[in-house]
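Each chain is listed here by its residues.
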Amino acid sequence: MSTEQSYPVGEHPSLPPPTSEVGIIGWVRHNLFSSTTNIVITVLTIYLLYVILPPLLNWIIFDAVFSADSRDDCRAIAKAGGHELGACWAFIGKRFEIFVYGFYPVEERWRINLSFFLMLAALLPVLFDHIAYRKQGLWFSLIAPFVIGWLLLGGMGLTPVSTDKFGGFMLTLVIGVTGIVGSLPLGIALALGRQSHMPAMRMVCVAFIEFIRGVPLITLLFVASTMLNYFLPPGTTFDLLLRVLIMVTLFSAAYIAEVIRGGLQALPKGQIEAADSMGLKYWQSMRLIILPQALKISIPGIVNTFIGLYKDTTLVIIIGLFDPLGMGRASLADTKWQGLSTEIYVFVAIFFFVSCFSMARYSLYLEKKLHTGH
Amino acid sequence: MTTADTSSERSLLYRLFNDKELRSVTIQVITMALILAFFFFIVSNAVTNLETIGKGYSFSFLWDASNYDINQHLIEYNSQSPHWRAALVGLINTLLVAVAGIILSTIVGFLLGVLRLSSNWLINRVVYVYIEYVRNVPVLLHILLVHGIVVNTLPIPKNALMAFDGTLFLTNRGFYTPKPLFEPAMWAVLIAFVIGIGFTIWFKRYAKKVQDATGKIYPVLWISLGAIILFPIVVFFLAGMPLTFEYPELKGFNFKGGLVLRPEFVALWLALSLYTAAFIAEIVRAGIQAISHGQTEAAFALGIKPSRTMSLVIIPQALRVIIPPLSSQYLNITKNSSLAIAIGYMDIVATIGGISLNQTGREMECMTIVLSIYLMFSLLISAFMNWYNKRMKLVER
């Protein structure tokens, strides 16, 4: 048997690649074991995962109890199952409504649900531009905040609900969304002011931005909660939630302003000169030439600021508002469920992860969509 | 204006709003007037309000006894100490956790950033998942979660977890390690260390001069390491090892002696560092990716060794991109350390802005102190950044 076979010159058929270079084996060789360092890293990582993952999964899923009436109940169920108690998710299940609605009156909760759907409906035309009836949708988005405000606060035919009843994820959304909606226009104004040719304007904007960015949000919230009353005419009282909303909006506006300033500075000077030579007025050139380009460049930064603002809403527990963390801690006062703080933290962490991660993904989508270069 | 000017026929009022130059003045005057009016309004309100309740605005309370204890104080402090000392203790605690956090987060962040770029698929994914998880969860939650883990899952001191052969005890009351006790001869080691650093600076200049003149390259790194590390160690042994350790001992329900890291400090430190490390990792990744591959290829084409390509070509350029956002992360860590109040770590906000404020009712004064201290940090970092940017600016045509 001859293993040699000859072909005329140039007629040798292409051989398939060696099996060690393609398929799963090839992929593993290239991506996991391509060099000595890589082998070491792979082995160490697998060991690390082996140490961390099983106990974590056991705690979250396999040893967890999903329905019970108290923590002792959870323990008993786990014992009956012959394993140690993992997470006691039954607690979250029982208190789920409190986590979502806070102290909002039970019979009025439909208003929160309706507001939530209105908010989603109002967001759609803003976020995506390939949907039907976008133009009418945008008008709706403009009105929606007022409708939602009316629904949540009541009055004019609805039972009034005071803001100290707000809590849970609903409070997070109220603070987060108001902050986001309010801080963008304010941030743009501050950024333009900082780039302005008028020295007084510039000075005021710089002082404001640098002051806000220089101090932690928590101190500003303290200012809002402890000493704002001193600065108001005697006798005026000011809703705590409203103070927080104002502070959060001002806070993130300063950061947005810096992000947009970066976008403005990245534009070539020729753009504004061209706009000037076309005879456009200041606001025209800003609206038609400068801002569309500057905002496009700053999108990743803007979304990052929004994510930061959204995450910072958790700080309100420190001045006594009840966001999901606060609600969770409050419900721990119930002796039946004492000591389950880790479950609350993990649950709230999952909520924040899902919302912030989707925001980050949306920003990537937007960046791709708006990328008009080559 | 000349009399021939046609615009002078228009009234001054018209020009104030329609002449480009004059309008800018008008707008500025109106803005300043509004802002001054606003400040006048709030200040006069504050004065009236303070007068009504008879408080006034004075910092004399700072010299009264504080009447509260602070569990972690690096300087002498007890409940009879004045409020300003409480503020100082808080400030030191803030700085302590900030500096410790900056060090740890930089190390972890650079490591993660480099691993994120690794060609190894597994580690790449693991780091990606870690970074995304950490960045998308509020830092307050991280702090509470880590604090919960330290307090709830670590054993009581009696069953302390022992690590590194009895030199580190992990308990829910804190982490205990031996406390180094310096004897007088330790000064010699310190002096040796300073001399080592001085020598290194001189040697680096000298080596550069030699290299510029003759092309001869000294192993600067090894010689400096020897001068900074080996030399003090030799002195340490020559001086008869002037260092003893005070070991923590279990007495009753808790450890006595040794160096203790309190659970609040540990939780805050770890949570802040790991949180910021995720951001630093992304900054480092972006910085390294910003350097075009042509730079590496060009360096190789010139025959520069890979290690020197990294240290002479890639890293200096990457640092130019990395350092500005990095410094703002350092500022963030300092500001985020104010969340300490959620777990009872006594930083500047918790001492003067928390307990002192509640005890004395001096909201204005206390918040002024806290705000100005943070502003000072921020201005210092900005000043450093401006200096750095000026130094590192690419010299273009």
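Residues numbered from 1 in each chain as written. Chains lettered and ligands numbered in written order. Predicted model: local features only at pLDDT ≥ 70, side-chain atom pairs only at ≥ 80, totals over all residues.

Looking only at helices and strands, chain A features 15 helices and zero strands. Whereas a compact globule of 374 residues would reach a radius of gyration of roughly 21 Å, chain A reaches 28 Å, over 25% beyond that. Along the three orthogonal principal directions, the C-alpha set of chain A runs to about 105 × 80 × 45 Å. Evaluated residue by residue, chain A yields a buried proportion of 30% over its 374 residues. For chain A, the proportion of contacts with a sequence separation of at least 24, taken over those separated by at least 6, is 67%. (Helix = DSSP H or I, 4+ residues; strand = E, 2+ residues; numbered from the N terminus. Rg over C-alpha atoms; globule rule 2.2 N^0.38 Å. Buried ≥ 20, exposed ≤ 12 C-beta atoms within 10 Å, placed from the backbone. Contact = placed C-beta atoms within 7 Å.)

Residue and element names in this part refer to chain A. Packing of helix H9 (residues 199–214) against helix H11 (residues 240–266) brings their axes to within 9 Å, and their N-to-C directions diverge by 115 degrees. Accordingly, the angle class assigned to the pair H9 and H11 is roughly perpendicular. For the crossing formed where H9 meets H11, the hand is left-handed. From H9, Phe208, Ile209, Ile212 and Arg213 reach across to H11, where they touch Leu250, Phe251, Ala254, Tyr255, Ala257 and Glu258. (Axes fitted to C-alpha atoms, helices over the stretch in contact; angles between N-to-C directions. Parallel < 35°, antiparallel > 145°, perpendicular 65-115°, else oblique. Left-handed = near helix turned anticlockwise from the far one by under 90°.)

Below, the discussion takes up the domain arrangement of chain A. Where interface size is given, it is often the accessible area lost as the parts come together that is meant. All names here are of chain A. Once the domains are mapped, chain A shows domain 1 (19–92) and domain 2 (95–104 + 161–370). Of note, the centres of domain 1 and domain 2, computed from C-alpha atoms alone, are 36 Å apart. Across the boundary between the two partners, domain 1 contributes seven residues, which contact nine residues of domain 2. In terms of residue class, the side of domain 1 that touches domain 2 is made up of five nonpolar, one polar and one charged. (Domains from an automatic or database assignment. Nonpolar A, V, L, I, M, F, W, Y, C, P; charged D, E, K, R; others polar.)

Another point: the nonpolar core. Counting residues in each nonpolar core, the largest one holds 140 residues, and the members touching the most others are Cys88 and Leu221 of chain A together with Ile143, Leu268, Ala271 and Val370 of chain B. Sort the elements by how many residues they give to this core and helix H8 (residues 263–290) of chain B lands first, with 16 residues. Once you skip the residues sitting within four places of it in the chain, Leu221 of chain A turns out to touch Val244, Met247, Leu315, Val316, Ile318 and Ile319 of chain A. (Core = buried A, V, L, I, M, F, W, Y, C linked by C-beta atoms within 7 Å.)

Moving on, we get to the interface of chain A and chain B. Taken together, the contact between chain A and chain B spans 41 residues of the former and 48 residues of the latter. Elements with a minimum of two residues in the side of chain A that touches chain B: helix H2 (36–62), H9, helix H10 (217–227) and helix H15 (341–370) of chain A. When residues in the side of chain A that touches chain B are grouped by element, the largest group, 10 residues, is from H15 of chain A. Class assignment of the residues belonging to the side of chain A that touches chain B gives a composition of 28 nonpolar, 11 polar and two charged.

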